[in-house]
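# Survey of secondary and tertiary structure
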2 protein chains.
Amino acid sequence: MSLSFHIHATGGPARRATMVLPHQAVETPVFMPVGTVGSVKAVPQHLLEDLGAEIILGNTYHLYLRPGHDLVKRLGGLHRFMSWPRALLTDSGGFQVFSLNDLRKVSEEGVHFRSHLDGSSHFFSPEHSMDVQIALGADILMAFDECTEYPADRSRAQASLELTLRWARRSKDHFDAHQHETPWAAELPGQSQSLFGIVQGGMYPDLRRECAERLVEMDFPGYAIGGLSVGEPRPLTREIIEQTLPLLPADKPRYVMGVGYPDEIVEYAAMGVDMMDCVLPTRAARHGLLFTSQGRLNIKNRAFAEDQGPADPECGCMVCRRYSRAYLRHLMAAQEPLSAVLNTLHNLAFYLDTMRRVRDAIAIGTLPALLARVRALDDSRSGQ
Amino acid sequence: MSLSFHIHATGGPARRATMVLPHQAVETPVFMPVGTVGSVKAVPQHLLEDLGAEIILGNTYHLYLRPGHDLVKRLGGLHRFMSWPRALLTDSGGFQVFSLNDLRKVSEEGVHFRSHLDGSSHFFSPEHSMDVQIALGADILMAFDECTEYPADRSRAQASLELTLRWARRSKDHFDAHQHETPWAAELPGQSQSLFGIVQGGMYPDLRRECAERLVEMDFPGYAIGGLSVGEPRPLTREIIEQTLPLLPADKPRYVMGVGYPDEIVEYAAMGVDMMDCVLPTRAARHGLLFTSQGRLNIKNRAFAEDQGPADPECGCMVCRRYSRAYLRHLMAAQEPLSAVLNTLHNLAFYLDTMRRVRDAIAIGTLPALLARVRALDDSRSGQ
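The rules behind each value
Counting restarts for each chain, with residues numbered from 1 along the sequence as it is written. Chain letters start at A and ligand numbers start at 1, both assigned in the order the entries are written. Local features in this predicted model are restricted to residues of pLDDT 70 or higher, and side-chain atom pairs are both shown and tallied only at a pLDDT of 80 or more, whereas totals for entire chains, interfaces and linings draw on every residue. Across the chain, each position has a pLDDT score giving the predictor's confidence in that residue, from 0 to 100. For two strands to be treated as a pair, DSSP must find no fewer than two bridges joining them. Counting from the N terminus, the helices are the DSSP runs of H or I reaching at least four residues and the strands are the DSSP runs of E reaching at least two. Axes here refer to lines fitted to C-alpha atoms; in helices the fit is confined to the stretch in contact. Angles between the N-to-C directions go from 0 to 180 degrees. Note that the term roughly parallel is reserved for angles under 35 degrees, roughly antiparallel for angles over 145, roughly perpendicular for angles of 65 to 115, and oblique for everything else. Think of it this way: build a C-beta for each residue from its backbone, and any pair within 7 Å is a contact. Each residue gets one of three labels, nonpolar for Ala, Val, Leu, Ile, Met, Phe, Trp, Tyr, Cys and Pro, charged for Asp, Glu, Lys and Arg, and polar for the others, Gly among them. For the purposes of this description, domain bounds are those given by an automatic or database domain assignment. Residue burial is a threshold on neighbouring C-beta atoms within 10 Å of the residue's own C-beta, all placed from the backbone, with 20 or more meaning buried, 12 or fewer meaning exposed, and counts in between meaning partly exposed. To line up the copies, we fit them by least squares on C-alpha atoms, keeping just the residues with pLDDT of at least 70 in both. Crossing chirality is assigned from the near helix's rotation relative to the far helix, an anticlockwise turn below a right angle marking it left-handed and a clockwise turn marking it right-handed.

## Considerations on the confidence of the model for chain A
Per-residue confidence for chain A gives a mean pLDDT of 96; residues scoring 70 or more make up 98%. Reported for the predicted complex are a pTM of 0.97 and an ipTM of 0.97.

Next comes the structure, spelled out in structure tokens:
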């Protein structure tokens, strides 16, 4: 069995569910911290467990380059390599490769690209992305897609989604033929990895519909909406999600890739999204941007130099229980490595706690009130 | 009461004792991790507590520059500022200032120096060093001394120790007059900070003797041997320690500053040293050098790329229990911030565990056997 998805409660289109994966039963809606190169930057795995993270992401492109999927496979797969016993999801490498711009060349067969590390030449095809992801051994793999750039005109978006659909078919065929090669196949008999399809189509709702319908015909155990948060205005992101979600099977997990700010993830969960991921909480933390129940704090700000309060008075995380804003500001100013550790711990605690509140609100029927509070906070912040 | 020192057992000149300080009863011999700018680099305080660290060091020079002792005092002192409930020791700033070389100018009154951060001009005198250290509020302060450079000829070493003695007197007078200004004076009534004297005298045993005898006349609650590990050969370090220790009161703590490698700290503890500190385990960790029961590992080495064993098979620390050498090597190669966190945790665990073994060995009378094992390891390593 690859994945089962049990819906316990709904609140409008939102769902409170358990997604059972080989390594972990994941409570959804879920925010997945990003562990790009086999580590959620600056956070030891046991602290990630303490935070309640049940699933984290690995980036196929980065892990392929360093330390290499063959090495990871020989060492038993990514779970064992990084000592992460819970669930893992790997992206297809497509998004990172497409971010390389001048360093890539797309053909029907796949993508030639140059490493951002040393300029060396590489080639990713749907088949190769599957091989790499099977070797890494995540619980969930993503089909190799072309992430359509923004803006893209209609004919470009159409051509791009057609390529994504052909690659989805090739991804699935190759995955089905090779998934028995999963590094932990013998350890977890009867369990397997799951491959999700990705909906593209640019900012054209009818193209999104076409892509979704044709992907659903291929019958994936879960579906993602990709090609968002690529520079488009936020109302457009929301519109595409809102129009695409109903086209995806209600009994399977639905994942929006690469979002978002705290109010966005609440909003999208309320619209029926089950899974989200974003580098924002971890990357922003390293730049001193903290997310709190009262809005965003730039902890470098001189105003915090003698502030003895916690980063977020309503947060019970290990950072807010112990350290002051003054200390966090000092660590940042003195460029102490502990700064990244503590800021990241807080931001992840805030994101994971936000999703915990969303799940509770769906279960007890208070999602509209939670959503109203989150929107009010966002309004007040933009008025500052 | 400032400090009490209870000797429970001895093994030759070595002593197993408890040093009771206002914030913590510290088991000695002790190795003190260095927290230069208010943080032991890359390690959250709760993990330092988990490691069993009972006392850590802060550097007065660094904390004076950033965030500033006045700010730290207004926020309740360094313990509260950095949320470290256990014991703290601050150095006098002298060693760092003397390391500035071209940026300083020494006079009878004190030292003019320029900040390594922005070139701004500053002045440290014994009185000012005391003011800064009283404001920081560590459990143990160090007298302001001149760290004699190596090599120094006899007349230079003599003149330098005379200055150190005059500064020790001024340090003590100023400390005695102002120690009631300790930021936590009201919180811990009847408790106070303790000021230690520092023996200088270069590499001349008779000058060390003279300095020790005249310092002892001033009656400090503890004494340090400074001016070592400044470039001299190790047998000379050992000789100076060996000849100076018997000149210091046996019923008070004896501290050798700035040492050392794992075999050194065992050796010096066996000679009767009670306290040591060094940036080595933390700094080396950030460069990938790990200390283990089998000698040193350069974790960047390609030989470890697929090594699934722990950094040290005999170590039970949170890093060795969970992560492989292959993973630690990968983190270092990929320049992941977690690398510094995990490497530092292991090295500190190894150092603290080493001192735990020393204390146990003194208590049960097996120190000679422990010492023999440590020396044998050192010999075998240098033969590699």
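## Some thoughts on the sheet that holds strand β3 (residues 24-28) of chain A
All names here are of chain A. An order of β1-β2-β3 is seen for the three strands of this open sheet, with the pairing classed as antiparallel. The sheet is open, and its two borders are formed by β1 (4-11) and β3, each paired with just one other strand. Each strand axis lies, on average, 15° off the axis of its neighbour in the sheet, ignoring direction.

## As for the packing of helix α7 (residues 154-178) of chain A against helix α8 (residues 205-218) of chain A
All names here are of chain A. Axis separation between α7 and α8 bottoms out at 10 Å; the angle between their running directions is 10°. Between α7 and α8, the angle falls in the class roughly parallel. Residues Ala157, Gln158, Leu161, Thr164, Leu165, Ala168, Arg169 and Lys172 of α7 lie in contact with α8, whose contacting residues are Leu207, Cys211, Arg214, Leu215 and Met218. Here the contact of α7 with α8 is composed, by residue class, of eight nonpolar, two polar and three charged.

## Some details on the interface of chain B and chain A
Opposite the 35 residues of chain B that make contact, chain A presents 35 residues. Sorting the residues of the side of chain B that touches chain A by element identifies α1 (45-51), α3 (69-74), α4 (78-82), α12 (325-333) and α13 (337-364) of chain B as the ones contributing at least two each. A class-by-class count of the residues in the side of chain B that touches chain A yields 22 nonpolar, seven polar and six charged.

## Considerations on the environment of Met318 of chain B
As for its placement among the helices and strands, Met318 of chain B is situated in the loop between β16 (295-298) and α12. Sequence separation between Met318 of chain B and Ala349 of chain B is 31 residues; the distance between their C-alpha atoms is 8.6 Å. Apart from residues no more than four positions distant in its own chain, Met318 of chain B is found in contact with His46 of chain A together with Leu345 of chain B.

## Focus: the domain arrangement of chain A
Residues and elements named next belong to chain A. Structurally, chain A comprises domain 1 (4-278) and domain 2 (285-382). Centre-to-centre separation of domain 1 and domain 2, based on C-alpha positions: 27 Å. Taken together, the contact pairs 26 residues of domain 1 with 25 residues of domain 2. Those elements that place two or more of their residues in the side of domain 1 that touches domain 2 are β1, β2 (14-21), β4 (30-32), α1 (45-51) and α10 (262-270). The greatest single-element share of the side of domain 1 that touches domain 2, amounting to seven residues, is contributed by α10. Considering only residue class, the side of domain 1 that touches domain 2 consists of 16 nonpolar, four polar and six charged.

## Overview of α10 of chain A
Residues and elements named next belong to chain A. Burial of α10 is extensive: nine of the nine residues sit out of reach of the surface. Considered for burial, the residues of α10 that qualify are Pro262, Asp263, Glu264, Ile265, Val266, Glu267, Tyr268, Ala269 and Ala270. Of the residues trailing α10, Gly272 is marked for its positive phi of about 110°.

## Side note on the sheet that holds strand β8 (residues 111-114) of chain B
All names here are of chain B. In spatial order, the strands read β7-β8-β9; together these three strands make up an open sheet with antiparallel pairing. Since the sheet does not close on itself, it has two edges, and those belong to β7 (104-106) and β9 (121-124), each with one partner. Ignoring which end each strand starts from, the neighbouring axes of this sheet average 15° apart. Bridge count between β8 and β9: four bridges; the pairing is antiparallel. Residue pairing in the sheet places Phe113 in a bridge with His122 of β9.

## Quick look at unusual backbone geometry
Note that the residue after Tyr150 of chain A, namely Pro151 of chain A, is joined by a cis bond; omega there is -5°. For Pro151 of chain A, the position within the fold is in the loop between β10 (140-142) and α7. Pro29 of chain B follows Thr28 of chain B through a cis peptide bond whose omega is 0°. Following the sequence through the fold, Pro29 of chain B ends up in the loop between β3 (24-28) and β4 (30-32). Positive phi is not limited to glycine here, since Asp219 of chain B has a value of about 65°. With respect to the helices, strands and loops of the structure, Asp219 of chain B is situated in the loop between α8 (205-218) and β12 (223-225). What makes Asp219 of chain B exposed here is the crowd of 10 C-beta atoms within 10 Å. Positive phi, normally seen in glycine, also occurs at Ser229 of chain B, with a value near 55°. Positionally, Ser229 of chain B belongs in the loop between β12 and α9 (234-244). The exposure class of Ser229 of chain B is partly exposed, given the 17 C-beta atoms found within 10 Å.

## Some details on the relation of the copies chain B and chain A
In this structure, two copies of a chain are linked by a rotation about an axis accompanied by a shift along it. The two copies are related by a screw motion: chain B maps onto chain A through a turn of 180° and a shift of 0.0 Å along the axis, at an RMSD of 0.0 Å. One copy is carried onto the other by what is essentially a two-fold rotation axis. No C-alpha of chain B approaches the rotation axis more nearly than that of Pro337 of chain B, which lies at 3.9 Å. With an isologous cut-off of 70% or more, the 100% of interface residues of chain B that recur at the interface of chain A puts this contact in the isologous class.

## A word on the pairing of strand β1 (residues 4-11) of chain B
Consecutive residues of a regular strand have side chains that alternate between opposite faces of the sheet. All names here are of chain B. Examined bridge by bridge, β1 and strand β2 (residues 14-21) share seven bridges and lie antiparallel to one another. Opposite Thr10, over in β2, you have Arg15 as the bridge partner. Adjacent in sequence and paired antiparallel, β1 and β2 are bridged by two residues, among which Gly12 carries a positive phi angle near 65°.

## Let's talk about the environment of Ser155 of chain B
Residue and element names in this part refer to chain B. Considering the arrangement of structural elements, one finds Ser155 in helix α7 (residues 154-178). The exposure class of Ser155 is exposed, given the 8 C-beta atoms found within 10 Å. Placed 22 residues apart in sequence, Ser155 and Gln133 show a C-alpha to C-alpha distance of 31 Å.

## Quick notes on the packing of α10 of chain A against helix α14 (residues 337-364) of chain A
Residue and element names in this part refer to chain A. Running from N to C, α10 and α14 cross one another at 25°; their axes reach a closest spacing of 10 Å. One way to sum up the angle between α10 and α14 is to call them roughly parallel. In the packing of α10 onto α14, the handedness of the crossing is right-handed. For the pair formed by α10 and α14, the contact residues are Pro262, Ile265, Val266 and Ala269 on the first element and Phe350, Tyr351, Thr354, Met355 and Val358 on the second. A class-by-class count of the residues in the contact of α10 with α14 yields eight nonpolar, one polar and no charged.

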